[in-house]
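# Observations on the model geometry
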Amino acid sequence: MPLRSWTRWPLREALSHEGISVMRRRLARLVRVIVLGALLWTTAADPDVRGWVVPAGAAGVLAAGAAFWVLFRTSLRHLLWPSVALLLLLEAGAFGFHEAGLTVPSVVLWCACAVTALERLPLAAAIPCTAAALGGYALLTDDGLWGTALTTAGLALAGYTLRLDAEARGNAHRLLAQERAARAAEAEARAAEAESAALAERGRIAREIHDVLAHSLSAQLVHLEAARLLIQRSPDLEGSRAEVLERVTTARRMAREGLDGTRQALSALRGDMAHVETFLRELAASEGARLDIVGESRTLPPEAGLAVRRVAQEALTNVRKHAPGARVELRLEYAADEVGLRVRDSGGGDVPGELADSGSGYGLRGMRERAELLGGTLESGPEEEGFVVWLRVPA
């Protein structure tokens, strides 16, 4: 047997009332009261005991009961030497009862010390204490060899059985407490996960609404800025009336499209939106751009589909701002585990650079952040005569 098994205390749950039903606790208290009352009665009713021995014996029985109560507390706190001292004191009291002629209290005290030591102390201390109690019982009783041997063996077995029973109860109670703690921790983790998911969903909704409005307002600003320049350059407006009207009409259309885009974003967040290819075809047709689709078409996850939509819109807005009149090519590529969108313009334009300062200036940064949030990438920069934006996201 390992050394730790000899020096290890029984579990605190085994030494306490934890895991014991209320009825069993009440029954144990009742048994102790009955035993104590019976000892007091036998002390007072013993015909061989007279005089001062009777009150002294009764006081000794009460003191032994109090000592056992203290022993239960010290062993519960795993105080070894106070517990051993109390057991030795109780065994000495058993010898005192025997010398005074109080046979029943002495036998009961020896037996109780033997069983209690095995049940509540480490084996390295319990076995000597139990041996001393059973040895005193064997030497000072006249039950005969076999009777004494059977009694001492039975008491030792009873004490060890109670120890094993208490250990099993303590282990069961500790496992139950650990399971409850694990369930509580799991519930807290689920609650935290749900809260995190709710916060992420709110952030995603806010980001989608922000991107829709930023794109729409930026596009409107492009056309309103063009109208302002026309008004500024043509005081009479006679020759530019149609063009100004066209710009204002376009800005009005962009405002309506922004409202429709907001509705589409909300529909997308609810999982109800048109296929991304349909959206790109309509967008390319409205902007006069060319659309190519490469790979096997499939339904994209909502987040990836929204990223493709927003990047396409933002890239075309940038073309109108920085290269109006340029030819634009959109290329949607389906790969094994990702989807890509390539927006390329031919450069140049009718009014190069005049509208470049309109808008917030965060278009490319916002597109890149959106791609990175999904674990993808966005590359942008000049290529040959024009400018290219290339989005790749897992899908």
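All of the points below concern the structure found in this document. (Residues numbered from 1 in each chain as written. Predicted model: local features only at pLDDT ≥ 70, side-chain atom pairs only at ≥ 80, totals over all residues. Heavy atoms only, no water.)

## Some thoughts on helix 4 (residues 53–76)
Defined as follows: Put simply, DSSP H or I for four residues or longer makes a helix, DSSP E for two residues or longer makes a strand, and each gets a number counted from the N terminus. What a helix should span is 1.5 Å times the count of its residues minus one. Working definition: with a 1.4 Å probe on protein chains only, accessible area under 20% of the residue-type maximum means buried, over 50% means exposed, and in between means partly exposed.
Here helix 4 is 24 residues long and its end C-alpha atoms lie 34 Å apart, about the 34 Å a rise of 1.5 Å per residue gives. Those residues of helix 4 that fall on the buried side of the exposure criterion are Val53, Gly57, Val61, Ala64, Ala67, Phe68, Leu71, Thr74 and Ser75. His78 sits one or two positions beyond helix 4 and adopts a positive phi of about 60 degrees.

## Quick notes on unusual backbone geometry
Of note, His78 is a non-glycine position whose phi angle comes to about 60 degrees, a positive value. Mapped onto the secondary structure, His78 falls in the loop between helix 4 and helix 5 (80–99). Looking at His78, the relative accessible area reads 24%, which means it is partly exposed.

## So, a nonpolar patch on the surface
Heads up, the condition is: Residues qualify for a patch when their relative accessible area is over 30% and they have no salt bridge, like charges being joined within 9 Å and the nonpolar side chains of Val, Leu, Ile, Met, Phe, Trp and Tyr within 5 Å. Here the accessible surface of atoms and residues is derived via Shrake-Rupley with a 1.4 Å probe, and residues count as covered only by protein chains that are part of the display. By salt bridge we mean one thing: a side-chain nitrogen of Lys or Arg within 4 Å of a carboxyl oxygen of Asp or Glu.
Taken together, the side chains of Leu27, Leu30, Val31, Ile34, Val35, Val104 and Val108 make up a nonpolar region of the molecular surface, amounting to roughly 570 Å² of accessible area. When residues of the nonpolar patch are assigned to their parent elements, the largest contribution, five residues, is made by helix 3 (residues 22–45).

## Points about the packing of helix 5 against helix 6 (residues 103–120)
Helix packing for two helices is described by the angle between their axes and how far apart those axes are. For clarity, the cut-off: Here, axes are lines fitted to C-alpha atoms. For helices the fit covers the stretch in contact, and angles between N-to-C directions go from 0 to 180 degrees. Small angles under 35 degrees read as roughly parallel and large ones over 145 as roughly antiparallel, with 65 to 115 read as roughly perpendicular and the rest as oblique. Each helix crossing is assigned a hand: it is left-handed if the near helix lies turned anticlockwise from the far helix by less than a right angle, otherwise right-handed if that turn is clockwise. Two residues form a contact once any of their heavy atoms are found within 4.5 Å.
Viewed as axis vectors pointing N to C, helix 5 and helix 6 meet at an angle of 160 degrees, and their least axial separation amounts to 8 Å. The orientation of helix 5 relative to helix 6 falls into the category roughly antiparallel. The chirality of how helix 5 crosses helix 6 is left-handed. Across from Leu87, Leu90, Glu91, Gly93, Ala94, Phe95, Phe97 and His98 in helix 5, the residues of helix 6 making contact are Pro105, Ser106, Leu109, Trp110, Cys113 and Ala117.

## Describing the pattern of salt bridges
Throughout the structure, instances matching the rule amount to eight salt bridges. Across the pair Arg281 and Glu277 runs a salt bridge whose closest N-O atoms are separated by 3.7 Å. With a gap of four residues between them, Arg281 and Glu277 both fall in helix 10 (residues 276–287), about one helical turn apart. Accessibility expressed as a relative area gives 45% for Arg281, which makes it partly exposed. We classify Glu277 as buried; its relative accessible area is 8%. Residue Arg342 pairs with Glu383 through a salt bridge whose shortest N-O separation is 3.0 Å. Taken together, the positions of Arg342 in strand 3 (residues 338–345) and Glu383 in strand 4 (residues 377–383) put the pair 41 residues apart, joining distant regions of the chain. Residue classification places Glu383 among the partly exposed positions, given a relative accessible area of 25%. Salt bridges here are not isolated pairs; linked through shared partners, they connect Arg342, Arg344 and Glu383.

## Observations regarding the side chain of Thr116
Stated formally: Identification of polar contacts relies on pairs of N or O atoms within 3.5 Å, with a donor-acceptor requirement for protein atoms, meaning one able to donate a hydrogen and the other able to accept it, and with residues adjacent in sequence counted only if both atoms are side-chain atoms.
Topologically, Thr116 is positioned in helix 6. Taking the relative accessible area as the measure of exposure, Thr116 reaches 9% and is therefore buried. A distance of 2.7 Å separates the side chain of Thr116 from the backbone oxygen of Ala112, its partner in a polar contact. With residues near it in sequence (within four places) discarded, Thr116 still touches Phe68, Leu71, Phe72 and Leu121.

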